[in-house]
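Single-letter residue listing:
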Amino acid sequence: MYSAEEIDRRAPVWHALSELFLDTELDQSDLGVIAEKIRAAGFSADQAEEVLCREVAPVFWTNLLQVAGEWEPWSEQQVRELVCNRLQPRSWVTGWFHDLKSRRQMAVVRSEWLGVRECLERNPV
């Protein structure tokens with residue numbers, strides 16, 4: 001689990017990345033806003049991808065599998081609580097399995113993430 005300070009640093013990034021899992025169409029401007037929030041928190045593209053894969057995707061990916069998924073953004077507080085609940089300590093075996101599974105789960109937002117990553121790499125931290 002992260003310190004309170006690290007959670008405060010990560011929470012805006014979790015919130016921004018959770019928008020990739022909304023049942024809405026994101027345009028280039030939306031992806032740029034997400035990238036700016038990641039940049040403001042001091043994360044590189046590679047670090048943000050790890051956060052997406054390990055911390056955000058496992059919580060929100062199922063929204064895109066529903067017939068009528070959530071399209072209104074979750075509040076930052078909701079995202080913080082949901083992600084922190086998922087970050088509870090696990091055994092290394094459980095953790096390994098969840099990491100493998102979350103990489104597959106990320107496939108539902110791969111193209112959107114590549115757009116965010118492109119924005120981040122254009123103007124790195």
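Structure shown above.
Residues take numbers from 1 onward in each chain, read along the sequence in its written order. At least 70 in pLDDT is required for a residue's local features to be given in this predicted model, at least 80 for side-chain atom pairs to be given and counted, and no such filter applies to totals for whole chains, interfaces and linings, which use all residues. In computing side-chain values, all of the structure's heavy atoms are included and hydrogens and water are not.

> I'd like a rundown of the side chain of E55, residues and numbers included.
Along the chain, E55 falls in helix α3 (residues 45-60). Pairing of N or O atoms within 3.5 Å defines a polar contact, subject to two protein rules: one partner must be a possible hydrogen donor and the other a possible acceptor, and residues neighboring in sequence count only if both atoms are side-chain atoms. Polar side-chain contacts of E55 include one of 3.0 Å to the side chain of R10. A polar atom in the side chain of E55 sits 2.7 Å from the side chain of W14. Secondary structure is summarised from DSSP: a helix means a run of H or I of at least four residues, a strand means a run of E of at least two, and numbering begins at the N terminus for each.

> Hey, could you go over the packing of helix α1 (residues 4-18) against α3 for me, with residue numbers and the actual values?
The contact between α1 and α3 brings their axes to 10 Å, and the two run at 65 degrees. The two elements α1 and α3 cross, and the hand of that crossing is right-handed. Taking contact as the criterion, the partners of R10, V13, W14, L17 and S18 in α1 are, on α3, A48, V51, L52, E55, V56 and F60. Residue type decides the class: Asp, Glu, Lys and Arg count as charged, Ala, Val, Leu, Ile, Met, Phe, Trp, Tyr, Cys and Pro as nonpolar, and the leftover types, Gly among them, as polar. Among the residues forming the contact of α1 with α3, the class breakdown is eight nonpolar, one polar and two charged. Helix axes use the C-alpha atoms of the stretch in contact, all axes being lines fitted to C-alpha atoms, and the angles between their N-to-C directions lie in the range 0 to 180 degrees. A crossing counts as left-handed when the near helix is turned anticlockwise from the far one by less than a right angle, and as right-handed when that turn is clockwise. The contact rule is simple, with two residues in contact once any of their heavy atoms fall within 4.5 Å.

> Could you give an account of the pattern of salt bridges, naming the residues involved and the relevant values?
We count a salt bridge whenever a side-chain nitrogen from Lys or Arg sits within 4 Å of a carboxyl oxygen from Asp or Glu. Under the defined criterion, the tally for this structure stands at 11 salt bridges. One salt bridge in this structure joins E6 and R10, with 2.5 Å as the shortest N-O distance. Taken together, the positions of E6 and R10, both in helix α1 and four residues apart, correspond to about one turn of that helix. Each member of the pair, E6 as well as R10, is classed as buried. Counted as one network, the salt bridges with shared partners bring together D46, E49, R110, R117 and E121. Exposed residues in this analysis have more than 50% of their type's maximum accessible area, buried residues have under 20%, and partly exposed residues fall in between, with area computed by a 1.4 Å probe over protein chains only.

> Go over the packing of aromatic side chains with me, naming the residues and quoting the values.
Geometry of aromatic contacts follows a simple scheme: Phe, Tyr and Trp rings, the Trp one being its six-membered ring, pair when their centres are within 6.5 Å, and the pair is stacked under 30 degrees between planes, edge-to-face over 60, tilted otherwise. If you walk through the whole model with that rule in mind, you get one aromatic pair. Judged by centre distance (4.5 Å) and plane angle (50 degrees), the rings of F60 and W74 are tilted. Remark: W74 occurs in the loop between α3 and α4 (76-86) and F60 occurs in helix α3; sequence separation between them is 14 residues. For the pair F60 and W74, one class covers both residues: buried. Counted as over-ring charges are cases with an Arg CZ or a Lys NZ within 6 Å of the ring centre that also lie within 35 degrees of the ring normal. We note R10 situated over the ring of Y2; from NZ or CZ to the ring centre the distance is 4.1 Å.

> Describe the nonpolar core, with residues and values.
Across soluble globular proteins, you tend to see nonpolar side chains buried next to one another. In these notes, a set of buried Ala, Val, Leu, Ile, Met, Phe, Trp, Tyr and Cys residues joined through side-chain atoms within 4.5 Å is what counts as a nonpolar core. Residues W14, L17, L20, F21, I38, W113 and V116 are the most contacted members of the largest nonpolar core, which totals 35 residues. Elements with a minimum of two residues in this core: α1, α2 (28-40), α3, α4 and α6 (110-122). With eight residues, α3 is the single largest residue contributor to this core. For W113, the contacting residues outside a window of four places in its chain are L17, L20, I38, A45, A48, E49, L52, M106 and L120.

> Any chance you could break down the side chain of H15 for me, citing the residues and the numbers?
Its location among the elements puts H15 in helix α1. If near-sequence neighbours (up to four positions away) are discounted, H15 is found in contact with W74, S75, E76 and V79.

> Kindly report on the environment of Q105, identifying the contributing residues and their values.
Its location among the elements puts Q105 in helix α5 (residues 92-105). Look at Q105 and you get buried, because its relative accessible area is 6%. Put simply, Q105 and R54 are 51 residues apart on the chain and 10.0 Å apart in space, counted from C-alpha to C-alpha. Ignoring anything within four residues of it in the chain, the contact list for Q105 reads A57, P58 and W61.

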